[in-house]
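Architecture at a glance
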Amino acid sequence: MDNNAYGDFMIYVDNKDLVIPGQILADDEFYPGRGTFKDSGNICSSVMGLVSLRNKKIRVIPLKSKYVPKKGDVVIGKISDVKFSMWELDINSPYSGMLPAFEVFGREKKELNKVFDIGDVLFLRVVEVDEVKKAKLGLKGRGMGKFKGGVIVDITPTKVPRLIGKKGSMINMIKDKTKCNIVVGQNGLVWVSGDKEMENITKDIIKLIEAEAHTSGLTDRIKNKLTLIIDGEEAVEEEDFDDYFDDQLEKPKLQNFKDELEQEELEEKKNDDKDFIDSYKEIKKQNKKDNKNSLSVGKSNTNFYSILNKKDDY
Amino acid sequence: MIGSSLREDGREYNELRPLKIEVGVLDRADGSAYLEVGGNKILVAVYGPRESYIRRLLKPNTGVIRCRYNMAPFSVDDRKRPGPDRRSSEISKITADALRPALMLENYPRSMVDVFIEVIEAEGGTRCAGITAASVALADAGIPMKDIVVGCAAGKVNNEIVLDLSEVEDKEGQADLPLAIMPRTGEITLLQSDGDLSESEFSKALELAMDGCMQVSEIQKEALRKKYTDE
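Re empty space enclosed by the protein
Residue and element names in this part refer to chain B. Counted according to the given criterion, the structure contains six cavities of 30 Å³ or more. Computed from the structure, the largest cavity encloses a volume of approximately 130 Å³. Around the largest cavity sit 14 residues that line it, and V37, A129, G151, D164 and V216 are the ones nearest its centre. Contributions of two or more residues to the lining of the largest cavity are made by β2 (31-37), α2 (126-140) and β6 (150-157). Grouping the constituent residues of the lining of the largest cavity by class yields nine nonpolar, three polar and two charged.

The following block contains the structure:
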């Protein structure tokens, strides 16, 4: 991004620059976004991460973070305790999640530990977060429920958008190559199920993506690496402008796609009466029409993707 | 004597010992750092913010930080009895106090950040080195901070105010003045004083220590950037 576009205002960093806590980013003619704070007329970074500049709003996308539950997120959790009328889950966060029994049975009375027991891994939605950040979870939605088999890989939650890629380009490519079912929770837990050998390859690849999320041209490199491991030969080099864009621009955009979505919705005053589920259904229909249903391998179709698609539909 | 070295190890009065910081050395910790300054070797691990199992420490409006400073039994010449003692309890407390003003844990209520400082080899100035390494590890863990706290000491040896005391200088010197600051604003988060200093000597030592902190701060920043740029 060009500095001159901002005229007389003082800005000390460029888009996608690596910054560290306490570093001065700009003067307060800019708006401080997430990962920044105002101090004596300057905007400073509060975390180690990459700068994202847009319309005089300055943000820092952290390279490492802990998941803080947010309403509407889809997460993967492990049952850590069974109580009288609820399950307690570890959702890879400083805060534990709880799944009330009525979310599962409705009014019926059943024994809780016969349905889900300690150690079970579930795919859930965050229904509500209270002021002390306790997350209430639910199972309503497509593909929600208990996982059978598979392995869990954990990555830092800020790198989830990178693992998904633009319009799911990265995740679909991995699914395609490894023939594994992959489900990504926004809390940074990833469930992988398939051939034992492929599970291990996928696990390594996901870890690699996490480690190199901040570098460019990643989708291509991962693709080559996967082809090399699985087929034993180098992939044919293809010029893919889509992927280039993916790495250059999409990352900061994807990071806070929800915020931006909300913002855009406000600005354009469009679709504001629709909730997630409605738009989700709509996208599903459209996807079927367009015959690009490759997103729905196994149980893995989540609202997460549909939000991406929704953005695309604007 | 002008121009020649005044100090035992051949340093100038305002010269730091060689310093090396490495970031992200431990896989299982959320953030970690390894620091070597002179003969000191310090390893710091940071965990959190995480759910606390100590209910009484939790605060409903913000997260809390807890520190543990520990010296390995083999870190000093005479074997140190393992376990906490008066000195390490004190340093644990002042380290937590020195780091706390920089942390922004408002977004993590009811959580706890744990900092473990392990001194593997000690050669004077471990508390400052511990603070320096701990704040780097906190930044590596992705914990929101106003600034990267940095520690450095000054003192008086042979009636001369010098920077960054070594073990011999600390034992035989007349005064020791450990200091920790937030370098961007220059706010002091830790200031201790041990020994005799006149008013003018004190201000001189403070100024020297500030200067040392700024130098160490540059190395901290460089070390943090290096983790993501050298690959």
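Details of the environment of A:K16
Residue and element names in this part refer to chain A. Locating K16 in the fold gives a position in the segment before β1 (18-19). Among the residues examined, K16 registers a relative accessible area of 25% and is labelled partly exposed. Residues K16 and T219 lie 203 residues apart in sequence; the distance between their C-alpha atoms is 18 Å.

As for the packing of helix α1 (residues 86-99) of chain B against α2(B)
When two helices pack together, their arrangement is given by the angle between the helix axes and by the axis-to-axis distance. Residues and elements named next belong to chain B. As a packed pair, α1 and α2 sit with axes 10 Å apart at the nearest point and diverge in direction by 45 degrees. As far as their axial angle goes, α2 and α1 are oblique. For the crossing formed where α1 meets α2, the hand is right-handed. Two secondary-structure elements touch here, α1 through R87, E90, I91, I94, T95, A98 and L99 and α2 through T126, R127, I131, A134, S135 and L138. Looking at side-chain class alone, the contact of α1 with α2 contains seven nonpolar, three polar and three charged residues.

Observations regarding the domain arrangement of chain A
Residues and elements named next belong to chain A. Per the domain assignment, the segments making up chain A are domain 1 (14-62), domain 2 (74-146) and domain 3 (151-249). When each unit is reduced to the centre of its C-alpha atoms, the spacing between domain 2 and domain 3 is 28 Å. Between domain 2 and domain 3, the residue contacts involve seven residues of the former and eleven residues of the latter. Together domain 2 and domain 3 conceal approximately 680 Å² of surface at their shared face, both sides included; 61% is due to carbon and sulfur atoms. Broken down residue by residue, the surface that domain 2 buries against domain 3 is led by V74, I76 and N92, which jointly contribute 69%. Between domain 2 and domain 3 we count zero salt bridges in total. Where domain 2 packs against domain 3, one counts four residue pairs in polar contact (both at pLDDT 80 or more). Elements represented by at least two residues in the side of domain 2 that touches domain 3 include exactly β8 (74-82) and β11 (121-129). Tallied by class, residues from the side of domain 2 that touches domain 3 come to six nonpolar, one polar and no charged.

A word on the layout of surface pockets
Taken as a whole, the largest pocket spans an internal volume of roughly 1300 Å³. Along the wall of the largest pocket there are 45 residues; nearest its centre are A:D154, A:E210, B:D27, B:A29 and B:D30. At five residues, strand β3 (residues 40-51) of chain B tops the list of elements feeding residues into the lining of the largest pocket. A class-by-class count of the residues in the lining of the largest pocket yields 17 nonpolar, eleven polar and 17 charged.

Focus: the sheet that holds strand β14 (residues 151-154) of chain A
Residues and elements named next belong to chain A. Pairing is antiparallel across the open sheet formed by three strands, whose spatial order is β14-β16-β15. Since the sheet does not close on itself, it has two edges, and those belong to β14 and β15 (181-184), each with one partner. Each neighbouring strand pair of the sheet contributes to a mean axis angle of 20 degrees, computed without reference to strand direction. Sheet analysis places β15 next to strand β16 (residues 189-193), joined by four bridges and oriented antiparallel.

Description of the interface of chain A and chain B
On the chain B side, the residues contacting the 26 residues of chain A number 31 residues. Carbon and sulfur atoms make up 58% of the area that chain A and chain B hide from each other, which totals about 2500 Å². Counting the surface chain A buries against chain B, the share from its top three residues, A:M48, A:K64 and A:K66, is 24%. Between the two partners, chain A and chain B, sit three salt bridges. Residue A:D39 pairs with B:R184 through a salt bridge whose shortest N-O separation is 2.8 Å. Here chain A is connected to chain B by twelve residue pairs in polar contact (both at pLDDT 80 or more). Broken down by secondary-structure element, the contributors of at least two residues to the side of chain A that touches chain B are β4 (36-39) and β5 (42-45) of chain A. Of the residues assigned to the side of chain A that touches chain B, the class counts are 14 nonpolar, six polar and six charged.

What to know about the sheet that holds strand β6 (residues 49-54) of chain A
All names here are of chain A. What the four strands build is an open sheet, ordered β1-β6-β7-β3; its pairing is mixed. Two strands bound the open sheet, and with one partner strand each, they are β1 and β3 (31-32). Both β3 and strand β7 (residues 57-62) contribute to a ladder of two bridges, which runs parallel. The partner of Y31 across the bridge, within β7, is K57.

Focus on the pairing of strand β12 (residues 135-138) of chain A
Across two bridges, strand β10 (residues 97-100) of chain A lies against β12(A) in parallel orientation. Along β12(A), the bridge assignment pairs A:M98 with A:K136.

Considerations on the state of the cysteines
Inspection of the entire model under this criterion finds zero disulfides over all chains. A:C44 takes part in no disulfide bond, and the closest cysteine sulfur, belonging to B:C213, lies 19 Å away.

Notes on the environment of A:K110
Residues and elements named next belong to chain A. Along the chain, K110 turns up in the loop between α1 (102-105) and α2 (112-115). On the basis of relative accessible area, K110 is assigned to the partly exposed category, the value being 48%. The spacing of K110 and V132 is 22 residues in sequence and 30 Å in space, taken between C-alpha atoms.

Thresholds, definitions, all that
- Residues numbered from 1 in each chain as written.
- Chains lettered and ligands numbered in written order.
- Predicted model: local features only at pLDDT ≥ 70, side-chain atom pairs only at ≥ 80, totals over all residues.
- Heavy atoms only, no water.
- 1 Å grid on protein atoms, 1.4 Å probe; cavity = no way out; pocket = protein on both sides within 12 Å on 5 of 7 lines; lining within 4 Å.
- Points joined across faces, edges and corners; volume = space filled by probe spheres on them.
- Helix = DSSP H or I, 4+ residues; strand = E, 2+ residues; numbered from the N terminus.
- Nonpolar A, V, L, I, M, F, W, Y, C, P; charged D, E, K, R; others polar.
- Buried < 20%, exposed > 50% of the residue type's maximum accessible area, 1.4 Å probe, protein only.
- Axes fitted to C-alpha atoms, helices over the stretch in contact; angles between N-to-C directions.
- Parallel < 35°, antiparallel > 145°, perpendicular 65-115°, else oblique.
- Left-handed = near helix turned anticlockwise from the far one by under 90°.
- Contact = heavy atoms within 4.5 Å.
- Domains from an automatic or database assignment.
- Buried area = accessible area lost by both parts, 1.4 Å probe.
- Salt bridge = Lys/Arg side-chain N within 4 Å of Asp/Glu carboxyl O.
- Polar contact = N/O pair within 3.5 Å; in protein donor to acceptor, adjacent residues only side chain to side chain.
- Pairing = 2+ DSSP bridges.
- Disulfide = S-S within 2.5 Å.

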